[in-house]
Amino acid sequence: TMPRVFAQFPRCVCIIDCFEVFCERPSNLMARAQTYSQYKSHNTAKFLIAVTPQGSISYISDAWGGRTSDKYITENCGLLKLLNPGDQVMADRGFTIEDSVGIYCAQLVLPPFTRAKKQLSRSEVENARQVSRVRIHVERVIGLLRQKYTFLQSTLPISLLMHDGCDKLSMIDKIVTVCCALCNCCKSVVPVN
């Protein structure tokens, strides 16, 4: 069943966001540039996560370098191909992917922008509150993931990001996928009522 807080968004299938995990500074200059996150001022691995309205993790991307934009990851990780016509995807303002979501006849739900206006209208403020009330759940799931698996709060060895020749996934991809699956076995952070 759909939690009550999602009443305004009955077709919402997921809330998306990215999170970053610190990694050691690569010795290779290209790898160093690709993993350096301006936002975190550190070398990082970045993941896109999708959380259902019920609070389950429905998608986790492979690791990307911290320099990669949220938009690029979303458009290239394969998540959008899983959307059905009429689905709503909720995201933060930084995800300027409305056209990409629209290709799949789905809708992107974002908090309103002030754009050239000095302030939002009363209805836009209320809409922003409703979106924020719902969007906070992806942040809570990411927080739970980091809290339960504290190595995601540490600086990862660069070896975990490397691919060995015979495997498509790096060790960090496998570890984060298992952590997400185990989080789904825990009590949901989204209240039903």
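Residues numbered from 1 in each chain as written. Predicted model: local features only at pLDDT ≥ 70, side-chain atom pairs only at ≥ 80, totals over all residues. Heavy atoms only, no water.

**Some remarks on the environment of Met 2**
Convention followed: Numbering of helices and strands runs from the N terminus; a helix is a DSSP stretch of H or I covering at least four residues, while a strand is a stretch of E covering at least two.
Residue placement: Met 2 occurs in the segment before strand E1 (12–22). Expressed as a C-alpha distance, the spacing of Met 2 and Pro 53, which sit 51 residues apart in the sequence, is 6.6 Å.

**Some words on the nonpolar core**
Going by this rule: Definition used in this section: a nonpolar core is a set of buried Ala, Val, Leu, Ile, Met, Phe, Trp, Tyr and Cys residues joined via side-chain atoms within 4.5 Å. Partly exposed describes any residue whose relative accessible area lies between the buried limit of under 20% and the exposed limit of over 50%, with all areas from a 1.4 Å probe on protein chains only and scaled to the type maximum. Whether two residues are in contact is decided by their heavy atoms: any pair within 4.5 Å suffices.
Membership of the largest hydrophobic core comes to 34 residues, with the highest contact counts inside it found for Phe 19, Phe 47, Ile 49, Met 90, Leu 145 and Val 176. Excluding residues that lie within four positions of it along the chain, Val 176 makes contacts with Phe 19, Phe 47, Ile 60 and Leu 152. Ala 50, Leu 80, Ala 91 and Ala 106 belong to the second largest nonpolar core, which has 19 residues in total.

**Structural notes on the packing of aromatic side chains**
This is how the line gets drawn: Only rings of Phe, Tyr and Trp enter the pairing, Trp through its six-membered ring, and a pair is recorded when the two centres are within 6.5 Å. The plane angle decides the type: under 30 degrees is stacked, over 60 is edge-to-face, the rest tilted.
Taken as a whole, this structure holds 2 aromatic pairs when the rule is applied. Geometrically, the ring pair formed by Phe 19 and Phe 47 is stacked, given 5.4 Å between the ring centres and 20° between the ring planes. Of the two residues, Phe 19 is situated in strand E1 and Phe 47 in strand E3 (residues 42–51); the sequence distance between them amounts to 28 residues. The burial state of Phe 19 is the same as that of Phe 47; both residues are buried. Ring centres of Trp 64 and Tyr 72 lie 5.6 Å apart, and the angle between their planes is 80°; this geometry places the pair in the edge-to-face category.

**Things to note about the pairing of E1**
Here is the key point about a regular strand: its side chains alternate between the two faces of the sheet. Operational definition: For two strands to count as paired, DSSP must find a minimum of two bridges between them.
The element E1 is largely enclosed, with a buried count of 9 among its 11 residues. In this sheet, strand E6 (residues 88–90) lies alongside E1 in parallel orientation, the contact comprising 3 bridges. Of the residues in E6, the one forming a bridge with Ile 15 is Met 90.

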